[in-house]
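Each chain, written out:
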Amino acid sequence: MNQHSIKKIVIVGGGTAGWMTAAALAKKFLPINMDIVLVESEAIGTVGVGESTIPHIRGFNEYLGIDESFFIAETKATFKLGIAFKHWGQLGNDYIHPFGPLGHDINGVEFHHYWLRMQQEGSKYPLDNYSMAAMAARAGKFQHPSTDSMSLLSNYNYAFHFDAALYAKYLRRYAEAINVKRIEGIVAATNLNSDNGFIESIRLDSGITLGGDLFIDCTGFKGILIDKVLNAKFEDWSHWLRCDKAIAVPCALSEEKLTPYTQATAQQAGWQWRIPLQHRTGNGHVYASDYLSDDEAAAILLKNLDGEPLAEPKFFTFKAGQRKQNWEKNCVAIGLSGGFLEPLESTSIYLIQVGIQKLLDFFPDKNFAKANSAEFNRQLDEEYVRIRDFIIMHYKENAREDSPFWMDCKNMSVPDALAQRQKLFKSTGYVDHQQYGVYAAVCIGQGLIPDVYDFKINAFSHHKIAAYLEKIHGNINAAVASMPFAQDYINRILANTNQGKPL
Amino acid sequence: MNIPVKKILIVGGGLIGWWAAVFLKKSVPNIHISILNSQVEDTYAETLEPNFANYLQLIGLTEQHIIKYTDGNFAFAQAYFGWLRTGNNYFHSADGLSFDYDAVEFNQWILKLRKNDPSIKIDDYSVSAVAARLGKSPLRLNKKPIAALSFDLGLLKKLLMSYALDLAIDVINKELLAVELDSAGDIDFIVASDASILTSDFYIDASGYTGDLIAKAMGVAYESWSAYLPFHKKKISVVPQQDSRLIPFTSLQLTQQGWLKSIPLKNKIVCEYIYDDALLGAENGKNAIADFFVNGQDVNFYPGQRQKIWHKNCLAMGAAAITADGFSHSPLYLAAVTLKQFMAYWPSHQQFDAVENEFNRLMRTEYESIRDLHCLHYAVINMQAFSTNTFWREIKLPESLQYRLDLFMETGRALPDESTLLHPSQWIHLALGLGCWPRKYDYIASHHSDDIYVQYSQSIKASIQASIENLPDYTDYLKSYIS
């Protein structure tokens, strides 16, 4: 530590973003006695719909040193192998965006080219057939991936569905145990330095004034510090992502066995999520209010539940977009205060994580070098745009003619880079490796089928490739058959978990 | 029709044309490759990055072939003489320098140490750099060598040509007379020196800087980098390597008028002097370097890149696509990378802008990263402000490099690069080695006291010292390696 080092961090807002940030910073600075304060108010609710995640969450828990079984018990978590997209692209469509590869690349040519050739030559098998994660998900099976990289049972990845409110609660205990100080209160005023506009302190409704070197805004959509104080502009993306409302309701579990995947079902003007937890199923309907009334949206949601609703439906209003600068002066926005993208690809918690990770990577000193925050902002923007374009693609690539919403989505113009990427995929099947997720699975799932496959595979005969694909599918089926049901697997973990001390 | 092209004609019989011919034919045996073996001026020697072995492997060659048949020689480091204000030299090496302490990266704790000890030199922490200084080999005979590799261009070309004999490559030993475009602006056919007409689905322009196809015929402009890389003249001399001991490193010597590069091979040393005309002219007659090169060959070169290297049914490679100053990433290496990327975007009869654009965008990213790495060499001269010559101060920095440098100098962090050719650590090590020490170190380095880092540093140096003592003399190593 020297005289330029940050010594006090103030986090405002105690939802998922606030407590994830507090826990990660506390862990990082444990050896150097950093002063970390989190201000939150019992009176303010959290949004907390982000109950479905992508595999990166495991890295975050690992970093904090949280035992997985304990986490599962504590947050009522279940396993997730991917997202099933129903009626996307066109009515009746049903594909999985899997956590794991499709087949294997052979001779440096990606698997989907082989699949494509077989389709052109008459085969009808869906791409899902060649994904371990997709096939296991459909069968309701799960076990931890094998550590033997030669085994098919290692050829997938996984994430969780969990109760975000319980997760935040747990992280609060975690952070408080390693010296994060929680203060109950609502921000009444923010005091800026009159010379440079930096935040010097915040005053709470209780009258307490809190000074700090670095302020982190986790106040959700309001963005109390970053927006009202620093006037950071918001970039509106709602002309591409037209859904602006959501209605959420938990319901009783279905009679069926646990499904280890998130269900995203396209509706007439939006889509519905289904996220099974241990004790209930989370449901929600994301829709575009220009095309659908709140009553209609609620009716669609309530008609499509597995079981009895367990609470009154809750409405949310939002706007897709991102604040131009998530880091401005000595204030960093993490979570919804920085930007919002609908949870179609379960990226809400991931985006929080990226913000935290990059804050740690670019942790400032009191000089707050411009070059440092500029690079933080650039990298974060890049991540937002990458995911934004990926989500837009789900709407754009569709052949539905059953509702004005889908027809308008089909006809909308999309960001240039996305249009270019889609044209490239259509004309060559080429996927840029920096793209999000299993890009080819989603393109093809949506109905964007490349015109050609990589001609280099013409060196193999039709029969050779057909036999090879059949073998992969057969091996996957056999591997899936050997796996336990996800329900049984999680029951076993819970039975063996000692719900004792968290740390 | 959306059918992949199966017939490619390469124009230009230099090293890069021949590399393209062999690489394409080996990678996709069922296509038809022909090469118009027209004359292209090649230089004498280049040094390939360590991972070039992967490319060699794709065409069935190994490092051993290069060493044996092209007067090849390993380079464990690139030595910089005269680039540092301290007067120290710096041996830049690809290996080592990854000694993280706990979670503290090498470059962060070394920064912290240096605050109290300005004598710290980062090349003391690289086995390859230390070995290169002492003329020893960090390589083991029973292991695959991982090191940069210098070679004689003419001999490698001969090797590739003999190789091509077995590959059913159609060799046309003629010069280029004319290029004819069709109404859409595609190349329709070319006319060879005997008035014969050659047609193909796709053409590769490996004709050198003039870009006989892509520029002269198709009119794709060249983007000059002369504001950033102002040199455009060099003198080349080849002298016999007379010392009985081989030299296992390349070197760059900064002078008042330019810089001198020497690439030692097994039997000769290729020296290139990159200089500014006006400066050298002014001091002519009293300059030892000018005297040395008095019988050398004069070569002009033009740093820059082709605005689009893939245009319609033509791909530009080599000097027709890009030229830089020669600090790193040799022309053959860049050509090989370009071609490998091209394989993934293979053209079809129906042309797609999306494919062409994406390929050109990617290659531009790569090329400009390489350019920026080159520019860093000039930037450090100005940052240390030790050159009295105003010439150096007039050299501009590309905006992208300025951004990178600001971030580095303010925070000690490297900018992650979209380029696949440069690892962020390469930027850091080169910058630190050439004397750019950031203003502050990362907070994480303060987790431990200086004493702990001093101890750690001493233990690294001791273990390097110990392993150096057991290393073989490089000349002996190479003898055994070949046999």
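Reading the values: rules and limits
- Residues numbered from 1 in each chain as written.
- Chains lettered and ligands numbered in written order.
- Predicted model: local features only at pLDDT ≥ 70, side-chain atom pairs only at ≥ 80, totals over all residues.
- Contact = placed C-beta atoms within 7 Å.
- Helix = DSSP H or I, 4+ residues; strand = E, 2+ residues; numbered from the N terminus.
- Pairing = 2+ DSSP bridges.
- Core = buried A, V, L, I, M, F, W, Y, C linked by C-beta atoms within 7 Å.
- Buried ≥ 20, exposed ≤ 12 C-beta atoms within 10 Å, placed from the backbone.
- Domains from an automatic or database assignment.
- Nonpolar A, V, L, I, M, F, W, Y, C, P; charged D, E, K, R; others polar.
- Expected span 1.5 Å × (residues − 1).
- Bend = angle between axes of the 7 residues up to and from the residue.
- Arc of directions from axis to C-beta.
- Axes fitted to C-alpha atoms, helices over the stretch in contact; angles between N-to-C directions.
- Parallel < 35°, antiparallel > 145°, perpendicular 65-115°, else oblique.
- Left-handed = near helix turned anticlockwise from the far one by under 90°.
- pLDDT = per-residue confidence, 0-100.

(A) Highlighting the interface of chain A and chain B. The interface of chain A with chain B comprises 22 residues on the first partner and 22 residues on the second. The dominant element in the side of chain A that touches chain B, judged by the number of residues it contributes, is helix α12 (residues 416–428) of chain A, at five residues.

(B) The arrangement of the sheet that holds strand β19 (residues 304–306) of chain B in detail. All names here are of chain B. Taken together, the three strands give an open sheet; going across it, the order is β13-β19-β22, and neighbouring strands pair in antiparallel fashion. Each edge of the open sheet is held by one strand with a lone partner, namely β13 (222–224) and β22 (322–323). Examined bridge by bridge, β19 and β22 share two bridges and lie antiparallel to one another. Bridge assignment links Gly304 to a residue of β22, and that residue is Thr323.

(C) Here's a closer look at the nonpolar core. Judged by nonpolar contacts, the single largest core of 275 residues is most densely connected at Ala22(A), Leu81(A), Ile10(B), Val11(B), Trp19(B), Ala20(B) and Met317(B). Tallying contributions element by element places helix α11 (residues 353–383) of chain B first for this core, with 13 residues. Dropping the residues within four chain positions of it, Ala20(B) is found in contact with Ile10(B), Ile204(B), Ala206(B), Met317(B) and Leu339(B).

(D) Spatial organisation of the environment of Gly211(B). Residue and element names in this part refer to chain B. For Gly211, the position within the fold is in the loop between β12 (202–205) and α7 (212–217). Each C-alpha atom of the pair Gly211 and Gly14 lies 13 Å from the other, and the pair is 197 residues apart in sequence. Leaving out residues up to four positions away in the same chain, Gly211 has contacts with Asp205, Lys216, Arg306, Ala316 and Ala320.

(E) Broad picture of the domain arrangement of chain B. Residue and element names in this part refer to chain B. Domain annotation for chain B reports domain 1 (7–72 + 149–227 + 302–351), domain 2 (84–143 + 352–483) and domain 3 (233–299). On a C-alpha basis, the centres of domain 1 and domain 2 stand 32 Å from each other. Contact residues are listed per partner, giving 22 residues for domain 1 and 19 residues for domain 2. Contributions of two or more residues to the side of domain 1 that touches domain 2 are made by α3 (63–69) and α10 (331–344). Here the element with the most residues in the side of domain 1 that touches domain 2 is α10; it accounts for four residues. Looking at the side of domain 1 that touches domain 2 residue by residue, the classes come out as 12 nonpolar, seven polar and three charged.

(F) Broad picture of the domain arrangement of chain A. Residues and elements named next belong to chain A. Under the domain assignment, chain A is made up of domain 1 (8–51 + 163–235 + 320–386) and domain 2 (245–317). Using only C-alpha atoms to locate each centre, domain 1 and domain 2 end up separated by 29 Å. Each partner contributes to the interface: domain 1 provides eight residues, whereas domain 2 provides 12 residues. Looking at side-chain class alone, the side of domain 1 that touches domain 2 contains four nonpolar, one polar and three charged residues.

(G) Spotlight on α11(B). When the terminal C-alpha atoms of α11(B) are compared, their 42 Å separation across 31 residues agrees well with the 45 Å that a helix rising 1.5 Å per residue should span. The sharpest bend along α11(B) measures roughly 30° and falls at His377(B).

(H) Seen up close, helix α11 (residues 404–411) of chain A. Residue and element names in this part refer to chain A. Along α11, the residues that are buried comprise Phe405, Trp406 and Cys409. Along the long axis of α11, the arc covered by the buried residues comes to 95°, so they all point the same way. Contacts made by the buried residues of α11 are with α10 (370–396).

(I) Region of the structure containing the packing of helix α1 (residues 16–29) of chain A against helix α6 (residues 164–177) of chain A. Residue and element names in this part refer to chain A. Interaxial distance between α1 and α6 falls to 9 Å at its minimum, and their mutual angle equals 30°. The angle between the axes of α1 and α6 places the two elements in the roughly parallel class. In this structure, α1 crosses over α6, and the sense of that crossing is left-handed. Of α6, the residues touching α1 (which contributes Thr16, Trp19, Met20, Ala22, Ala23 and Ala26) are Ala164, Tyr167, Ala168, Leu171, Arg172, Tyr174 and Ala175. A breakdown of the residues in the contact of α1 with α6 according to their chemical character gives 11 nonpolar, one polar and one charged.

(J) Region of the structure containing the pairing of strand β15 (residues 270–276) of chain A. All names here are of chain A. When you tally the buried positions in β15, you get seven out of seven residues, the bulk of the element. Along β15, one buried face is formed by Gly270, Gln272, Arg274 and Pro276 and the opposite face, lined by Trp271, Trp273 and Ile275, is buried too. For strand β14 (residues 262–267) and β15, the ladder comprises five bridges, and the chain directions are antiparallel. Residue pairing across strands places Ala266 opposite Trp271, the latter belonging to β15. From the end of β14 to the start of β15, which pair antiparallel, there are two residues. Here β15 runs beside strand β16 (residues 281–287); their pairing, made up of seven bridges, is antiparallel. Paired with Trp273 across the two strands is Gly284, which belongs to β16.

(K) Focus on the sheet that holds strand β10 (residues 187–192) of chain B. Residue and element names in this part refer to chain B. Taken together, three strands build an open sheet; the order of strands is β9-β10-β11 and the sheet is antiparallel. Of all the strands in the sheet, just β9 (176–181) and β11 (197–198) have a single pairing partner and so form its edges. Alignment of β9 against β10, held across five bridges, turns out to be antiparallel. Bridge pairing links Val179 to Ile190 in β10.

(L) Broad picture of the environment of Lys312(B). Residues and elements named next belong to chain B. Tracing the sequence through the fold places Lys312 in the loop between β20 (310–311) and β21 (314–316). For the pair Lys312 and Ile214, spaced 98 residues apart in sequence, the C-alpha separation works out to 9.5 Å. Look past the residues within four positions of Lys312 in its chain and what remains in contact with it is Gly185, Asp186, Met218 and Gln351.

(M) Broad picture of the pairing of strand β4 (residues 82–86) of chain A. Residue and element names in this part refer to chain A. Across the five residues that make up β4, a large majority, four, are buried. Pairing analysis gives four bridges linking β4 to β14, with the strands arranged parallel. Its bridge partner lying in β14, Ala84 is registered against Gln263.

(N) Structural context of the confidence of the model for chain B. Mean pLDDT over chain B: 91, with 97% of residues reaching 70 or higher. Quick note on the complex model: pTM equals 0.88, ipTM equals 0.79.

(O) View of the packing of helix α1 (residues 15–27) of chain B against α10(B). Residue and element names in this part refer to chain B. Viewed as axis vectors pointing N to C, α1 and α10 meet at an angle of 35°, and their least axial separation amounts to 10 Å. For the crossing formed where α1 meets α10, the hand is right-handed. Between α1 and α10, the residues in contact are Leu15, Ile16, Trp19, Ala20, Phe23 and Ser27 and Pro331, Leu332, Ala335, Ala336, Leu339 and Met343, respectively. Split into classes, the residues belonging to the contact of α1 with α10 amount to 11 nonpolar, one polar and no charged.

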